[in-house]
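An overview of the molecular structure
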Protein chains: 2
Amino acid sequence: MMAKATDTAERIVAAAERRMRDGGFHGFSFREIAADVGVKSASVHHHFATKQDLAAAAVRRYVDRHMSALGDPDDPGRTPDELIVLYIDLFRHDLVKDCQMCLCGVLASEAAALDSAVAREVRVFFDRNRAWLEAVLKRVMPNARPGEIRGKALTATATLEGALLTAHCLGETEVFESVVVELAKILSG
Amino acid sequence: MMAKATDTAERIVAAAERRMRDGGFHGFSFREIAADVGVKSASVHHHFATKQDLAAAAVRRYVDRHMSALGDPDDPGRTPDELIVLYIDLFRHDLVKDCQMCLCGVLASEAAALDSAVAREVRVFFDRNRAWLEAVLKRVMPNARPGEIRGKALTATATLEGALLTAHCLGETEVFESVVVELAKILSG
DNA sequence: GTCTATAATTTGATAGAC
DNA sequence: GTCTATCAAATTATAGAC
């Protein structure tokens, strides 16, 4: 029985995400992706014309998955504290499971050498994270200045990205937990 | 007049550092380095046999420069607060000047796809940063548990790396400053 | 120490059969 | 939609003249 066409495309972006999370945009090739999926590199090109197209699609899929997991920041059925724990857990999950970096963290570090279309998608990740966190933080500190809310939101993402980076490099997930303890003080104070 | 041999080697590692800070280990080639320096790629190989050798040398040079700029964390002529400001300034400098990432931050993000010798040099960066910060923090909170000192030291580096990453990607140095404001609370409290 | 020349491999990408 | 076959270019790296 033949797999659906969309299935192959899906497996291609999944393989691209995995490869990029390990070695960045310049750290993978069409042939590696093809081997991962079990097709030939010409088939990868059939689904994604250029490497930039493939990378951009992988980032879009990653960001959508990330934001879907976060859900509505104004959901009255969840407390701000629960939402912040959820946010941190999302970054922690792939680190403790596979010592994996955040896809957008990896690509952000090589932003200067990235295709502009790919770089734009990566910036979307940070923008949507900021907007989601601002909504959550507005609930916990309704009287804070917008600039302060924005600063704390950016700090939360930046801190978690840095914690991921450091823990990933040192191979110590405990580093991530150390940082989370300190981050909690920022978000509550 | 001919430039000294060591001069060419120095200019080669400098070019490699610059290229890697933009695009990571897989984001540069010997020919690009050669063109930057004004020699042929065979001459680059004369000074550094392999790409791994060149990358490792660039990291060692970067780390030595970084630690030299920090100096002695126990220097009685400088207060802990001054030292922490110096530490933050060191990360800020190349960001505001050229929107440049930290070399070891870039390489840490692609650690999984890095040659083991290069990866080891990158880990040295984080280890020496931690040791320096632990010495400084011991002075400002002499009664804190070693685990807490270590946690705060790791958090400081991780937070600054994340701030650099985010600001670099978004092209907004203000993001870095927002994070620094919050970081100050961690290091003082 | 730098060069020319080149080997050996890999890269992103395309043409065209099935 | 997948394949074989291939291209043109780029890659790391080496051999040997000067």
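So, here's what we can say about the structure. (Residues numbered from 1 in each chain as written. Chains lettered and ligands numbered in written order. Predicted model: local features only at pLDDT ≥ 70, side-chain atom pairs only at ≥ 80, totals over all residues. Heavy atoms only, no water.)

A look at the state of the cysteines
Put plainly, two cysteines are in a disulfide when a covalent bond ties their sulfur atoms together. Counted under the stated rule, the structure contains zero disulfides over all chains. Cysteine A:C99 remains unbridged, with the sulfur of A:C169 as its closest cysteine sulfur at 9.3 Å. Accessibility expressed as a relative area gives 28% for A:C99, which makes it partly exposed. In this structure B:C102 is a free cysteine whose sulfur lies 5.0 Å from that of B:C104, the closest cysteine sulfur available. For B:C102, a relative accessible area of 3% corresponds to the buried category. (Disulfide = S-S within 2.5 Å. Buried < 20%, exposed > 50% of the residue type's maximum accessible area, 1.4 Å probe, protein only.)

Section: the protein's contact with DNA strand D
Inspection of the region around DNA strand D gives 17 residues, with A:T8, A:K40, A:H47, B:R31 and B:K51 positioned closest. The sugar-phosphate backbone supplies 62% of the atoms of DNA strand D found within 4 Å of the protein. At 3.4 Å, a side-chain N or O of A:H46 approaches a phosphate oxygen of DNA strand D. For DNA strand D, a phosphate oxygen lies 3.5 Å from a polar atom in the side chain of B:S29. At the level of secondary structure, the elements contributing two or more residues to the surface near DNA strand D comprise helix 1 (5-23) and helix 3 (41-47) of chain A together with helix 2 (30-37) and helix 3 (41-47) of chain B. For the surface near DNA strand D, the element with the highest residue contribution is helix 3 of chain A, accounting for four residues. Split into classes, the residues belonging to the surface near DNA strand D amount to six nonpolar, seven polar and four charged. (Near = heavy atom within 4 Å. Polar contact = N/O pair within 3.5 Å; in protein donor to acceptor, adjacent residues only side chain to side chain. Helix = DSSP H or I, 4+ residues; strand = E, 2+ residues; numbered from the N terminus. Nonpolar A, V, L, I, M, F, W, Y, C, P; charged D, E, K, R; others polar.)

Side note on the relation of the copies chain B and chain A
Structural alignment of chain B on chain A gives an RMSD of 0.0 Å, achieved by rotating through 180 degrees and translating 0.0 Å along the axis. The operation mapping one copy onto its partner corresponds to a two-fold rotation axis. Taking the C-alpha atom as reference, chain B places B:G162 closest to the rotation axis, 1.8 Å from it. Both copies present the same face, since 100% of the interface residues in chain B are matched by interface residues at the equivalent positions in chain A. (Least-squares fit on C-alpha atoms with pLDDT ≥ 70 in both. Contact = heavy atoms within 4.5 Å.)

Considering the nonpolar core
Of all hydrophobic cores here, the largest spans 132 residues; its most connected members are A:L107, A:V122, A:F176, B:L107, B:V122 and B:F176. Residues contacting A:V122, with those up to four places away along its chain left out, are A:V59, A:C104, A:L107, A:A108, A:L114 and B:C169. (Core = buried A, V, L, I, M, F, W, Y, C linked by side-chain atoms within 4.5 Å.)

A short note on the pattern of salt bridges
Residue and element names in this part refer to chain A. Scanning all chains against the criterion turns up 36 salt bridges over all chains. With a shortest N-O distance of 2.7 Å, R21 and E17 are connected by a salt bridge. Within this pair, R21 and its partner E17 are both found in helix 1, separated by four residues, close to a single helical turn. With respect to burial, R21 and E17 carry one shared label: buried. (Salt bridge = Lys/Arg side-chain N within 4 Å of Asp/Glu carboxyl O.)

What about empty space enclosed by the protein?
Summed over the entire model, instances satisfying the criterion amount to one cavity of 30 Å³ or more. The computed volume of the largest cavity comes to approximately 30 Å³. Together, A:G23, A:G24, A:V106, A:S109, A:E110, B:G23, B:G24, B:V106, B:S109 and B:E110 line the largest cavity. Mapped onto the lining of the largest cavity, the elements with two or more residues apiece are helix 6 (103-109) of chain A together with helix 6 (103-109) of chain B. Taken together, the residues that form the lining of the largest cavity break down as two nonpolar, six polar and two charged. (1 Å grid on protein atoms, 1.4 Å probe; cavity = no way out; pocket = protein on both sides within 12 Å on 5 of 7 lines; lining within 4 Å. Points joined across faces, edges and corners; volume = space filled by probe spheres on them.)

A short note on the side chain of A:R21
Judged by relative accessible area, which is 4%, A:R21 ranks as buried. Reaching out from A:R21, the side chain makes a polar contact with the backbone oxygen of A:M101 at a distance of 2.7 Å. Discounting chain neighbours no more than four positions away, the residues touching A:R21 are A:Y62, A:D94, A:Q100, A:M101, A:L103, A:V106 and B:S109.

Describing the packing of aromatic side chains
Following the criterion strictly, the structure yields ten aromatic pairs over all chains and no others. Plain terms: the ring middles of B:F125 and B:F126 are 5.3 Å apart, the flat faces sit at 90 degrees to each other, and that makes the pair edge-to-face. As far as the burial class goes, B:F125 and B:F126 line up, both buried. Ring pairing ties together the aromatic residues A:Y62, A:F125 and A:F126, which thus form one cluster. Of note, A:K51 hangs over the ring of A:F25, and the distance from its end group to the ring centre comes to 4.7 Å. The ring of B:F28 has B:K51 sitting right over it, with the charged end atom 4.6 Å from the ring centre. (Phe/Tyr/Trp six-rings, centres within 6.5 Å; stacked < 30°, edge-to-face > 60°. Lys NZ or Arg CZ within 6 Å of the ring centre and 35° of its normal.)

Brief notes about the layout of surface pockets
Of the pockets and cavities examined, the largest pocket occupies roughly 270 Å³. Lining the largest pocket are 15 residues, and of these A:R21, A:Y62, A:R65, A:L90 and A:D94 sit closest to its centre. Counting residues per element, the ones that place at least two in the lining of the largest pocket are helix 4 (51-70) and helix 5 (80-98) of chain A. Broken down by element, the lining of the largest pocket gets its largest block of residues, six residues, from helix 5 of chain A. Tallied by class, residues from the lining of the largest pocket come to seven nonpolar, three polar and five charged. Looking at the second largest pocket, its volume works out to about 210 Å³. As for the second largest pocket, its lining consists of 14 residues, and the residues nearest its centre are B:Y62, B:R65, B:H66, B:L90 and B:D94. Taken together, the elements giving at least two residues each to the lining of the second largest pocket come down to helix 4 (51-70) and helix 5 (80-98) of chain B. Of the residues belonging to the lining of the second largest pocket, the class tally is eight nonpolar, three polar and three charged.

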